[in-house]
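# Structural description and commentary
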Amino acid sequence: MPDSDSQLKLEIVYEDRDILVINKPAGLLSQKASQGDDSANDRIISYLFSSGQLTKEELRTFHPSICNRLDRNTSGLLIAGKTMRGLQQMGEQLKDRSVKKYYRTLVRGRVTEPCHLCGYLVKDHRTNQVKILSCVPDDRNMESSRPGSRIETAYKPTAYFGNATLLEVHLITGRSHQIRAHLASVGHPVLGDAKYGDSSVNRELYRATGIRSQLLHAWRMELADGRILEAPVPDAFRKAEQWLCGSGFPA
């Protein structure tokens, strides 16, 4: 259980009887990977305890839990089911893609027109990296992250900052590292992305701004019933944009 102050660090975007939606900061795990980890899931449970919405007795039979996951260094909207009903309903909507998910990201290069990418994602568990293929994977050394891992990513440019573009990305399917790997595969890696990005640009970005995380933010969700949830982008985007408009990095 996290310390009692952890719940104070939650930025709550929306809450009702069944679900809680937070704006997760970059650097925070969605769920713990080891016993000593801090995570958004733990902070949410701490908040439910401190606000009187959950008791230890209730926790023995039902654990509130996040419904979607974000990479540790991706910020933005994270949904948790406070009740079994909330967890099941949101899980079903995410599975059948009736929830529309939109991200904002800063990428290297100038993207001049909208694009709808399709492909196949495979994961190498030895390196914890994914690759994007144009056809059904058949490499025995690679393992599909999920059966039938066909992926779709749509994006459009919304602004330019030096030799970089601010994109609005529609995550049509949802696979591990999908946006980051898909954009890198077409020559527009996410700024600050240590796994799939441009290391020289990332070094300059860190030197000038102190930014260590990828500039990828789960910005907007449109739920099946028409509710729209939005989370403002973090200050890191503004810092990066100011740097890019100044010296920035060469074309």
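Above this text is the structure in question.
Structure report, in brief. Throughout, residues of each chain are indexed from 1 in the direction in which the sequence is written. Whole-chain, interface and lining totals are the exception, using all residues; otherwise, since this is a predicted model, local features are given only for residues with pLDDT of at least 70 and side-chain atom pairs are given and counted only at 80 or more. Hydrogens and water molecules were not included; the side-chain quantities draw on all heavy atoms of the structure.

Every axis in this analysis is a line fitted to C-alpha atoms, fitted for helices over the stretch in contact. Angles between the N-to-C directions lie between 0 and 180 degrees. In this description a helix means any DSSP run of H or I spanning at least four residues, a strand means any run of E spanning at least two, and both kinds are numbered starting from the N terminus. Contact geometry for helix α5 (residues 199-209) and helix α6 (residues 235-245): axes closest at 10 Å, N-to-C directions at 105°. Relative to α6, α5 is oriented roughly perpendicular. Residues Val-201, Glu-204, Leu-205, Ala-208 and Thr-209 of α5 lie in contact with α6, whose contacting residues are Lys-239, Ala-240 and Trp-243. Of the residues assigned to the contact of α5 with α6, the class counts are 5 nonpolar, 1 polar and 2 charged. Just so you know how the angles are binned, under 35 degrees is roughly parallel, over 145 roughly antiparallel, 65 to 115 roughly perpendicular, and the rest oblique. Every residue pair with non-hydrogen atoms within 4.5 Å of one another is taken to be in contact. Note on residue classes: Ala, Val, Leu, Ile, Met, Phe, Trp, Tyr, Cys and Pro are nonpolar, Asp, Glu, Lys and Arg are charged, and everything else, Gly too, is polar.

With that out of the way, let us pick up the nonpolar core. Counting 28 residues, the largest nonpolar core has Ile-22, Ile-44, Tyr-103, Tyr-155, Leu-167, Ile-179 and Leu-183 as its most contacted members. Mapped by element, the contributors of at least two residues to this core are β2 (19-24), α1 (40-50), β4 (75-81), β5 (100-108), β9 (164-171), α4 (178-185) and β10 (216-222). Tallying contributions element by element places α1 first for this core, with 5 residues. Look past the residues within four positions of Leu-183 in its chain and what remains in contact with it is Thr-105, Val-107, Tyr-155, Leu-167, His-188, Pro-189 and Val-190. For our purposes a nonpolar core is just a set of buried Ala, Val, Leu, Ile, Met, Phe, Trp, Tyr and Cys residues, chained together by side-chain atoms within 4.5 Å. Partly exposed describes any residue whose relative accessible area lies between the buried limit of under 20% and the exposed limit of over 50%, with all areas from a 1.4 Å probe on protein chains only and scaled to the type maximum. Grouped together as the second largest cluster of nonpolar side chains are 15 residues, Leu-205, Val-233, Phe-237 and Trp-243 included.

Aromatic contacts are taken between Phe, Tyr and Trp rings whose centres are within 6.5 Å, Trp giving its six-membered ring; a plane angle under 30 degrees counts as stacked, one over 60 as edge-to-face, and the others as tilted. A full pass over the atoms with the stated rule returns 0 aromatic pairs. Only when the NZ atom of a Lys or the CZ atom of an Arg is both within 6 Å of the ring centre and within 35 degrees of the ring normal do we say a charge sits over the ring. When the ring centre of Trp-219 is taken as origin, the NZ or CZ atom of Arg-104, which lies over that ring, is 3.8 Å away. In this structure, Arg-110 packs its charged tip against the face of Tyr-160, placed 4.1 Å from the ring centre.

Empty space left among the atoms is revealed by rolling a probe the size of a water molecule over them. Cavities and pockets were defined on a 1 Å grid built from protein atoms only: a cavity is a group of points that admits a 1.4 Å probe but offers it no way out, a pocket is an open group of points flanked by protein on both sides within 12 Å along at least five of seven lines, and a lining residue is one with an atom within 4 Å of any such point. Grid points are joined across faces, edges and corners, and a volume is the space filled by probe spheres set on the points. Computed from the structure, the largest pocket encloses a volume of approximately 1200 Å³. Counting only elements with at least two residues in the lining of the largest pocket, the list comes to α3 (84-95), β5, β9 and α4. Its residues assigned to classes, the lining of the largest pocket comprises 12 nonpolar, 17 polar and 14 charged. Estimated volume of the second largest pocket: approximately 220 Å³. Together, 18 residues line the second largest pocket, and Lys-24, Pro-25, Ala-26, Ser-75 and Pro-234 are the ones closest to its centre. Looking at the lining of the second largest pocket, the elements with two or more residues in it are β2, β10 and α6. Its residues placed into classes, the lining of the second largest pocket shows 9 nonpolar, 6 polar and 3 charged.

Along α5, the residues that are buried comprise Val-201, Asn-202, Leu-205 and Thr-209. Viewed along the axis of α5, the buried residues span an arc of 100°, placing them on a single side of the element. Summarising the geometry of α5, the exposed residues directed more than 90 degrees from the buried face are Arg-203 and Arg-207. Residues of α5 that are buried make contact with β5 and α6. Gly-210 occupies a position one or two residues after α5 and carries a positive phi of about 80°. Note: the arc covers the axis-to-C-beta directions of the helix.

Relative to the assigned elements, Gln-93 resides in helix α3. Residues Gln-93 and Cys-67, 26 residues apart in the sequence, show an inter-C-alpha distance of 10.0 Å. Non-local contacts of Gln-93, meaning those with residues more than four positions away in its chain, are made with Ser-98, Val-99, Leu-223 and Ala-224.

Next up on the list: the pattern of salt bridges. Where charged atoms from two side chains of opposite charge come close, those side chains can pair. Here a salt bridge means any side-chain nitrogen of Lys or Arg lying within 4 Å of a carboxyl oxygen belonging to Asp or Glu. Under the defined criterion, the tally for this structure stands at 13 salt bridges. Of the charged contacts, one joins Asp-18 and Arg-85 as a salt bridge, the two residues approaching to 3.7 Å between their closest N and O atoms. Placement of the pair is Asp-18 in the loop between β1 (12-15) and β2 and Arg-85 in helix α3, with a sequence separation of 67 residues. By relative accessible area, Asp-18 is classed as buried at 13%. The exposure class of Arg-85 is exposed, given its relative accessible area of 51%.

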